[in-house]
Amino acid sequence: GDSVTQMEGPVTLSEEAFLTINCTYTATGYPSLFWYVQYPGEGLQLLLKATKADDKGSNKGFEATYRKETTSFHLEKGSVQVSDSAVYFCALTVYGQNFVFGPGTRLSVLP
Amino acid sequence: DAGITQSPRYKITETGRQVTLMCHQTWSHSYMFWYRQDLGHGLRLIYYSAAADITDKGEVPDGYVVSRSKTENFPLTLESATRSQTSVYFCASGPGTSGGGTQYFGPGTRLLVL
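Note that the coordinates shown come from a computational prediction; the quantities given were computed from them, not determined experimentally. (Residues numbered from 1 in each chain as written. Chains lettered and ligands numbered in written order. Predicted model: local features only at pLDDT ≥ 70, side-chain atom pairs only at ≥ 80, totals over all residues. Heavy atoms only, no water.)

(A) A look at the overall build of chain A. Along its length, chain A carries zero helices and 12 strands. Helices (α) and strands (β) of chain A occur, in sequence order from the N terminus, as β-β-β-β-β-β-β-β-β-β-β-β. Taking 2.2 N^0.38 as the reference for a compact globule, 111 residues should give roughly 13 Å; the C-alpha atoms of chain A span a radius of gyration of 13 Å, in line with that estimate. Each principal axis of the C-alpha distribution contributes one length, and for chain A these read about 40 × 30 × 20 Å. (Helix = DSSP H or I, 4+ residues; strand = E, 2+ residues; numbered from the N terminus. Rg over C-alpha atoms; globule rule 2.2 N^0.38 Å.)

Right under this line is the structure:
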């Protein structure tokens, strides 16, 4: 079946460090890909998305590119802040068929 | 208030009792979802609904029942609660492919089954 694999962490970085969280997927259809973020005690909220190959999603300094050839959607940010500390979920959606989330990656950014 | 709400936010119950978790959205989104979040498993889909009166099983439907008589409501019922159903439950809604597939999540319900 469809699945999402991502590094579970925790990932601990110093402020202004470069962030990469890897995400790879398997899907039988043509999925849309998402990164969601969850702050403590809250529900998930969309960070960015891409709906077709080679699309780049971006938001709040975060970026991810839909790579069909490597079935990947890695999340990157050039300079993290303490306020970026959260859990990040990679997800895929094939509407009418499947909705799959990865296990989440906990990020801690130290001042 | 516009958005998606869940009630109750916290619930303690006993094994064997029936529990209903409520979810309400004000956007008239066609799709609604129920997930559970457990350490080590991330989010797992329990049930989803593409429209009123249409529901489908997700990855972990056993022990749960859903209904969707109105577009805005999607209650989740645990017919006979078990300890393994202790979890955080998230409801979500979304417009489907017309909205790029984004899901909008509620704040969650923390359920403890004793």
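From this point, the discussion proceeds with the structure in view.
(B) Region of interest: a nonpolar patch on the surface. Residues and elements named next belong to chain B. Together, Ile12, Leu112 and Leu114 make up an exposed nonpolar region whose accessible area comes to about 280 Å². Residue position: leucine 112 is located in strand 11 (residues 109-113). Given the relative accessible area of 36%, leucine 112 is considered partly exposed. (Patch = residues over 30% accessible without salt bridge, like charges linked within 9 Å, V, L, I, M, F, W, Y side chains within 5 Å. Areas by Shrake-Rupley, 256 points an atom, 1.4 Å probe, with all protein chains shown as cover. Salt bridge = Lys/Arg side-chain N within 4 Å of Asp/Glu carboxyl O. Buried < 20%, exposed > 50% of the residue type's maximum accessible area, 1.4 Å probe, protein only.)

(C) Structural view of the environment of methionine 32 of chain B. For methionine 32 of chain B, the location among the structural elements is in strand 4 (residues 31-38). As a C-alpha pair, methionine 32 of chain B and threonine 13 of chain B span 19 residues in sequence and 25 Å in three-dimensional space.

(D) Structural view of the packing of aromatic side chains. For the structure on display, the rule yields 17 aromatic pairs over all chains. A centroid spacing of 4.8 Å and a plane angle of 65° characterise the contact between phenylalanine 99 of chain A and tyrosine 48 of chain B, whose relative ring orientation is edge-to-face. With phenylalanine 99 of chain A in strand 11 (residues 98-101) and tyrosine 48 of chain B in strand 5 (residues 42-51), this residue pair bridges two chains. Side by side, phenylalanine 99 of chain A and tyrosine 48 of chain B carry an identical accessibility label, which is buried. With 5.7 Å between their ring centres and 35° between their planes, tyrosine 35 of chain B and phenylalanine 105 of chain B make a pair best called tilted. Of the two residues, tyrosine 35 of chain B is situated in strand 4 and phenylalanine 105 of chain B in strand 10 (residues 104-105); the sequence distance between them amounts to 70 residues. Overall, phenylalanine 105 of chain B belongs to the buried group, its relative accessible area being 10%. The rings of Phe34, Tyr36, Phe99 and Phe101 of chain A together with Tyr31, Phe33, Tyr35, Tyr48 and Phe105 of chain B are connected pair by pair, giving a single aromatic cluster. It is lysine 68 of chain A that lies over the ring of tyrosine 30 of chain A; its NZ or CZ is 5.4 Å from the centre. (Phe/Tyr/Trp six-rings, centres within 6.5 Å; stacked < 30°, edge-to-face > 60°. Lys NZ or Arg CZ within 6 Å of the ring centre and 35° of its normal.)

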